[in-house]
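# Architecture and fold: a report
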2 protein chains.
Amino acid sequence: MTMSAPAAPTSRQVDSTLQRDNTTPQRVIGEAVNLSAPAVQRRIRRMEEAEVIQANVAMIDPAQVGQPITIFVEVEVEVISETAELIDAAKREFAAVPEVQQCYYVTGEADFVLVVVVPTMTAYETLTRRLFFGNNNVKRFRTFVSMDRVKVGLAVPLSG
Amino acid sequence: MTMSAPAAPTSRQVDSTLQRDNTTPQRVIGEAVNLSAPAVQRRIRRMEEAEVIQANVAMIDPAQVGQPITIFVEVEVEVISETAELIDAAKREFAAVPEVQQCYYVTGEADFVLVVVVPTMTAYETLTRRLFFGNNNVKRFRTFVSMDRVKVGLAVPLSG
DNA sequence: AATGAAATGAGAGCGCG
DNA sequence: CGCGCTCTCATTTCATT
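Residues numbered from 1 in each chain as written. Chains lettered and ligands numbered in written order. Predicted model: local features only at pLDDT ≥ 70, side-chain atom pairs only at ≥ 80, totals over all residues. Heavy atoms only, no water.

## Let's talk about the pairing of strand 5 (residues 138-151) of chain A
Sheet analysis places strand 2 (residues 69-77) of chain A next to strand 5 of chain A, joined by seven bridges and oriented antiparallel. Residue pairing in the sheet places A:Phe72 in a bridge with A:Phe144 of strand 5 of chain A. The pairing of strand 5 of chain A with strand 3 (residues 100-106) of chain B spans four bridges and is classified as antiparallel. The partner of A:Arg149 across the bridge, within strand 3 of chain B, is B:Tyr104. (Pairing = 2+ DSSP bridges. Helix = DSSP H or I, 4+ residues; strand = E, 2+ residues; numbered from the N terminus.)

## Observations concerning the protein's contact with DNA strand C
Taken together, the neighbourhood of DNA strand C is formed by A:Asn34, A:Leu35, A:Ser36, A:Pro38, A:Ala39, A:Arg43, B:Pro25, B:Gln26, B:Pro38, B:Gln41, B:Arg42 and B:Arg45. Take the atoms of DNA strand C that sit within 4 Å of the protein: sugar and phosphate atoms are 68% of them. Between a phosphate oxygen of DNA strand C and a side-chain N or O atom of A:Arg43, the distance comes to 3.3 Å. Here a phosphate oxygen of DNA strand C and a side-chain polar atom of B:Gln41 are 2.8 Å apart. Counting only elements with at least two residues in the surface near DNA strand C, the list comes to helix 3 (37-49) of chain A together with helix 3 (37-49) of chain B. Broken down by element, the surface near DNA strand C gets its largest block of residues, four residues, from helix 3 of chain B. (Near = heavy atom within 4 Å. Polar contact = N/O pair within 3.5 Å; in protein donor to acceptor, adjacent residues only side chain to side chain.)

## Focus: the interface of chain B and chain A
Contacts between chain B and chain A engage 63 residues on the former and 63 residues on the latter. Of the roughly 6300 Å² buried between chain B and chain A on both sides combined, carbon and sulfur atoms contribute 58%. Three residues, B:Tyr104, B:Lys151 and B:Leu154, lead the burial of chain B against chain A; their summed loss comes to 12% of the area buried on that side. The partner of A:Glu109 in a salt bridge is B:Arg142, and the shortest N-O contact between them spans 3.0 Å. Counting every contact that joins chain B to chain A gives 48 residue pairs in polar contact (both at pLDDT 80 or more). If you list the elements that add at least two residues to the side of chain B that touches chain A, you get helix 1 (10-18), strand 1 (53-60), strand 2 (69-77), helix 4 (84-95), strand 3, strand 4 (112-118) and strand 5 (138-151) of chain B. Looking at the side of chain B that touches chain A element by element, the count peaks at 10 residues for strand 5 of chain B. Here the side of chain B that touches chain A is built from residues that sort into 33 nonpolar, 16 polar and 14 charged. Both strand 1 (residues 53-60) of chain A and strand 1 of chain B contribute to a ladder of seven bridges, which runs antiparallel. Bridge pairing in strand 1 of chain B places A:Ala55 opposite B:Met59. (Contact = heavy atoms within 4.5 Å. Buried area = accessible area lost by both parts, 1.4 Å probe. Salt bridge = Lys/Arg side-chain N within 4 Å of Asp/Glu carboxyl O. Nonpolar A, V, L, I, M, F, W, Y, C, P; charged D, E, K, R; others polar.)

Scope: geometric values only; no functional claims are made or implied.
Here it is, written out as structure tokens:
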């Protein structure tokens with residue numbers, strides 16, 4: 001055996017690099033994890049097939065492409081409506097809206113949390129009319145307008 | 001013969017592609033927007049310099065790397081504490097925490113909205129002790145545990 | 001079974017017209 | 001902006017452990 005410790009999560013180190021900058025050459029990643037470029041590539045390929053790596057994307061600044069407003073919305077649906085079918089329908093409806101950047105089905109004082117990106121407050125108001133006021137199953141929603149995107153990203157903590 | 005270019009927002013079309021898959025060859029993007037590969041490259045380079053494109057990243061599935069729990073947290077700070085300095089300190093503190101994937105400073109019934117990614121509820125409880133109970137400026141926080149990541153991403157709507 | 005070294009090929013990066 | 005080149009990097013092959 002070699003003297004270098006297995007340091008088990010080599011793939012995690014690769015992920016850690018890629019989720020910061022996926023244009024990093026395999027050669028460079030290999031140097032960091034003591035592996036050759038082809039070995040690194042094999043790991044990446046496997047993780048893409050296993051959908052550990054779900055996508056490779058560019059992060060766009062919304063403000064610079066005419067979509068300066070980010071809003072969080074908590075959505076509460078009618079208790080009587082909380083059948084599996086209606087929840088699934090709501091999931092599909094929210095997910096299909098381009099302005100809905102993120103949608104989570106949650107426990108707690110709300111049922112859904114949405115992250116909405118829009119160009120203007122008017123556009124948001126129009127969206128609320130369509131999605132919430134126009135949906136009898138929506139009991140209430142709370143709006144939180146972002147004043148500062150303090151930290152943005154999809155990076156998963158990969159220390160341990 | 002070439003078709004005339006479709007109006008203005010060619011760069012938006014490029015962005016639209018890249019935020020879906022930034023491994024798309026410039027050649028392919030060029031075909032879609034009726035531009036040569038070098039022209040596409042120049043646009044990408046300009047947008048990276050202008051930070052319209054802020055980063056190129058791999059999306060990792062948290063559940064497959066031992067971080068299956070996503071939580072939304074609304075944080076409310078003491079009214080008396082809402083000085084610019086204390087708000088900025090809070091921003092820096094939250095942003096520095098690896099488990100805090102996203103942090104927004106917001107208007108409405110809360111001051112901050114956090115997206116937290118953790119391996120276990122125990123880890124979340126530990127984090128709350130450190131970040132919230134251990135901070136006298138935090139008046140209250142509400143927790144929303146995600147049961148389903150219905151839609152995830154950073155894609156900005158780029159239709160209009 | 002996974003790796004590394006070398007060969008191949010595709011794509012990015014630049015200068016030119 | 002498009003066309004060409006060059007060069008880096010991704011990808012494949014193959015021998016090795």
